[in-house]
Amino acid sequence: MVELRNVSKTYANGTVALRDINLRLDKGEFVFLVGPSGSGKSTLVKLLLKEEDATEGEVYVNGYDVTSMTRQEIPYLRRSLGVVFQDFRLLPNKTVYENVAFAMIITEALPKEIRRQVPMALALVGLSRKANMYPHQLSGGEQQRVALARALVNNPALLIADEPTGNLDPETSWEIMKLLSEINHRGTTVIVATHEKSIVDAMKKRVVAISKGVIVRDQEKGLYRDEDKNTPVLY
Amino acid sequence: MKIRTLRYFIKEGFINSYRNKLMSLASVLIVVTSLIIFGVFVLISLNAQHNIGIWKEQPQLQAFCYQEIDDIQVRRVEEIIKADERILSYEKVTREQALERMRERLGKDAAILDGYGADIFPVSFIIRLKDVSYSSEVVKDLEKVTGIEKVSYSQDTVELITRMSHWFSLGCSVMIIVFLVASVFIIANTIKLTVFARRREISIMKYIGATDWFIRWPFVVEGVIISITGAILAFIVSAYGYKAVVDKFTQDAFFAQTNLLSMLSIESVWSRLAVYYAVIAVVVGAAGSFVSMRRYLKV
């Protein structure tokens, strides 16, 4: 599903963001990507979306060889996966329905398909009743759910969430995480980059910890911090 | 490209140009100005060609005999003209014919000729040359012939007009190029503003997998909308303007009587003007969009 082989990334200004990363995700997995700001987890997400190119190594996503892909192919890679960001990235002058439908319009989907898929995606995130509202009329959690519906409307095999709860209060964060987990149960592979410690610890999923551009831990049913190091766990 | 996608592009193009009303208006005006200048040039040069064509078909030379000479002398002149190998053909205009032509020219004022006989007019010969380049020597030779009073020579006028229209075209071409380039850049600037206004939207579109061209097309449409609007306005203004000029011209007594100049009717030029405007508008609009995209829309 996702594979990184000996991937390194050095930015033009000399910053080494990732160093010799090897990572493999299988279909249907749920993975937390954790680490402090500047650890390289955002860079890793950018490599998966081909927003940045790896300096060394190979990246495979959804069967695409991301490393050798041309500019023209990038949109098709991005259509094959859903992405959710910390700042939601909704179009302010489009309604909830239009925002979700837009992800299908750009793929030149049939209007019939759009009319079928969009309400389904909205129902999945529980926003059917707010379809005609504009983003500014919604709470942060609701906006993120719209973003989720948009990410899912094309039925991607992989969902990437970059700090999806970064702008949300703890309770709303939980709702979003539950939704992500539910999406995962339906068969979608999910990658969540976060530093929401309490959620990571409670969900008991695979945890990949990055620090200073290196994977320091890859653990099934892991916690935010490695308990062997005796760091206090605060709830 | 699918029809519904095309519809989306056109809709977005209209939304873009509407959001950016003031700049769109400024761009439309510059397009209108450039196209009107272009239109004036086209109309003038079409009319110049039209008139040059008429003059070229008209007698290149007309040799007038002395009014007093008798038929025998006239025949002698005719023999000389007939024998000249540089002359392609000639036509004798008798005194009666000359009177008749003058009556026609004067039209309703012909009454002033009443009481005069044909004998007040001289016999003349309308002469067509085998080649225009002979004209000045033929004129010289004919003027020496006894019985010929003067030779009128329309070649000078033709040459003058040809030359004038040449310089006029050159001047206009320079101006048109300047204005068209200005139009391209002003449209480019308008679209730049739209691109900046929609930066965030564009980046979101990229994240959800929109292709480069899917993002670009609405901006191309915006450029073309601006220039087509300009073209339509310019066409209306220049068509009405030209019609007004033609109307005034036909009412002018001097031109009406002398047949020295004639103007093409609006019916015979509008379709050509419309095609030129449409082609230029599409090219300028699309060029403006592309300039803008190359510079500001690195999708």
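Predicted model only: the values in this text are computed from it and were never measured. Per chain, residue numbering runs from 1 following the sequence as it is written. Going through the entries in the order they are written, you letter the chains from A and number the ligands from 1. For this predicted model, a pLDDT threshold of at least 70 governs which residues receive local features, and a threshold of 80 or more governs which side-chain atom pairs are given and counted, while totals over whole chains, interfaces and linings are taken from all residues. Working from all heavy atoms in the structure, the side-chain values ignore hydrogens and water.

Asker: Mind showing me how you'd approach the overall build of chain A here?
Answerer: Every helix listed is a DSSP run of H or I at least four residues long, and every strand listed is a run of E at least two residues long, numbered separately from the N terminus. Looking only at helices and strands, chain A has seven helices and 10 strands in total. For a compact globule the rule gives 2.2 Å times the number of residues to the power 0.38, and the radius of gyration it is set against comes from C-alpha atoms. Against the compact-globule benchmark of 18 Å for 235 residues, chain A has a radius of gyration of 18 Å, which places it among compact chains. Structurally, chain A occupies a C-alpha span of about 50 × 45 × 35 Å along its principal axes. Relative accessibility thresholds used throughout: buried, under 20% of the residue-type maximum; exposed, over 50%; partly exposed, between the two (1.4 Å probe, protein chains only). Out of the 235 residues in chain A, the part that is buried amounts to 53%. Here the contacts in chain A between residues at least 6 apart in sequence split such that 67% fall between residues at least 24 apart. For chain A, the computed accessible surface area is about 10900 Å², with 49% contributed by carbon and sulfur atoms. Here the positive residues are Lys and Arg and the negative ones are Asp and Glu; neither His nor the chain ends is included. Charge placement uses NZ in Lys and CZ in Arg. For Asp and Glu, CG and CD serve respectively. Averaged over its 31 positive side-chain charges, chain A has a centre that lies 4 Å from the centre of its 29 negative ones. Residue contacts follow a heavy-atom distance rule, with two residues in contact if any of their heavy atoms lie within 4.5 Å. Per-residue and other accessible areas follow the Shrake-Rupley method at a 1.4 Å probe size, with only the shown protein chains counted as cover for residues.

Asker: Help me understand the packing of helix α7 (residues 199-207) of chain B against helix α8 (residues 212-251) of chain B, please; the structure alone is not making it clear to me.
Answerer: In helix packing, the relevant descriptors are the interaxial angle and the interaxial distance, both defined with respect to the helix axes. All names here are of chain B. A fitted line through C-alpha atoms serves as each axis, taken over the contacting stretch for helices, and the angle formed by two N-to-C directions is quoted from 0 to 180°. α8 packs onto α7 with a crossing angle of 145° between their chain directions and a minimal axis gap of 10 Å. Judged by residue contacts, I202, M205 and K206 of α7 engage F214, I215 and F219 from α8. Each residue is assigned to one class: nonpolar for Ala, Val, Leu, Ile, Met, Phe, Trp, Tyr, Cys and Pro, charged for Asp, Glu, Lys and Arg, and polar for all the others, Gly among them. Tallied by class, residues from the contact of α7 with α8 come to five nonpolar, no polar and one charged.

Asker: Whenever I open this one, unusual backbone geometry confuses me. Can you help?
Answerer: Phi is mostly negative for residues that are not glycine, and the peptide bonds are mostly trans. Residue and element names in this part refer to chain A. Even without being a glycine, D20 presents a positive backbone phi close to 45°. Its place among the elements puts D20 in strand β2 (residues 16-25). At E163, a residue that is not glycine, the phi angle is positive and equals roughly 50°. Along the chain, E163 turns up in the loop between β7 (158-162) and α6 (170-185). You can call E163 buried: its relative accessible area is 10%.

Asker: Would you mind showing me how to read the domain arrangement of chain B here?
Answerer: Reports often express the size of an interface as the amount of accessible area lost when the parts come together. For every domain, the bounds stem from an assignment made automatically or drawn from a database. Segmenting chain B into domains produces domain 1 (3-56 + 158-296) and domain 2 (59-153). Taken over C-alpha atoms, the centre of domain 1 of chain B sits 50 Å from the centre of domain 2 of chain B.

Asker: Hey, could you run me through the environment of G82 of chain A in this one?
Answerer: Residue and element names in this part refer to chain A. Note that G82 resides in strand β6 (residues 81-85). When the C-alpha atoms of G82 and I160 are compared, they prove to be 6.1 Å apart, with 78 residues separating the residues in sequence. With near-sequence residues (within four places) excluded, G82 lies in contact with A151, P156, L158, L159 and I160.

Asker: Whenever I open this one, the packing of α8 of chain B against helix α10 (residues 266-296) of chain B confuses me. Can you help?
Answerer: Residue and element names in this part refer to chain B. Between α8 and α10, whose axes approach to 7 Å, the crossing angle comes to 150°. One element, α8, and the other, α10, form an angle in the roughly antiparallel class. For α8 against α10, the interelement crossing comes out right-handed. For the contact of α8 with α10, a count of residues per class yields 21 nonpolar, five polar and two charged. Angles below 35 degrees are treated as roughly parallel, those above 145 as roughly antiparallel, those between 65 and 115 as roughly perpendicular, and all remaining angles as oblique. When the near helix sits turned anticlockwise from the far one by under a right angle, the crossing is termed left-handed; a clockwise turn instead gives a right-handed crossing.

Asker: Just to check I follow, could you spell out a nonpolar patch on the surface for this structure?
Answerer: Residue and element names in this part refer to chain B. Together, I232, L233, I236 and Y240 give the surface a local cluster of nonpolar side chains, amounting to about 420 Å² of exposed area. Looking at the element boundaries, I232 is found in helix α8. Residue I232 is classed as partly exposed on the basis of its relative accessible area, which comes to 47%. For patch building, the residue pool is restricted to those with more than 30% relative accessible area and no salt bridge; the joining distance is 9 Å between like charges and 5 Å between nonpolar side chains (Val, Leu, Ile, Met, Phe, Trp, Tyr). Whenever Lys or Arg places a side-chain nitrogen within 4 Å of a carboxyl oxygen from Asp or Glu, that contact is recorded as a salt bridge.

Asker: Would you mind showing me how to read helix α4 (residues 95-106) of chain B here?
Answerer: For an α-helix, the turn length of 3.6 residues means that residues three or four places apart are oriented alike. Residues and elements named next belong to chain B. Taking 1.5 Å of rise per residue, the 12 residues of α4 would be expected to cover 16 Å, and the 17 Å separating its terminal C-alpha atoms lies within 8% of that figure. Along α4, the residues that are buried comprise R95, A98, L99 and L106. The arc enclosing the buried residues of α4, seen along the axis, measures out at 100°, which places them on a common side. Turned more than 90 degrees away from the buried face of α4 sit E96 and E104, all of them exposed. Residues of α4 that are buried in the fold lie against β2 (87-93). G107 lies just past α4 and shows a positive phi near 60°. Helices are assigned an expected span. That span is 1.5 Å times one less than the residue count. What the arc describes is the spread of directions from the helix axis to the C-beta atoms.

Asker: Please clarify how the packing of aromatic side chains should be interpreted in this entry.
Answerer: All names here are of chain B. By convention, a stacked pair of Phe, Tyr or Trp rings (six-membered ring in the case of Trp) has centres within 6.5 Å and planes under 30 degrees apart, an edge-to-face pair has planes over 60 apart, and any other such pair is tilted. Enumeration according to the criterion identifies 15 aromatic pairs over all chains in this entry. Geometrically, the ring pair formed by F38 and F41 is tilted, given 6.5 Å between the ring centres and 50° between the ring planes. Here F41 and F38 lie together in helix α2 (residues 21-57), a separation of three residues that amounts to about one turn. Assigned by exposure class, F38 and F41 land together as buried. Ring geometry for F235 and W270: centres 6.5 Å apart, planes at 65°, overall edge-to-face. Placement of F235 in helix α8 and of W270 in helix α10 is noted, with a sequence separation of 35 residues between them.

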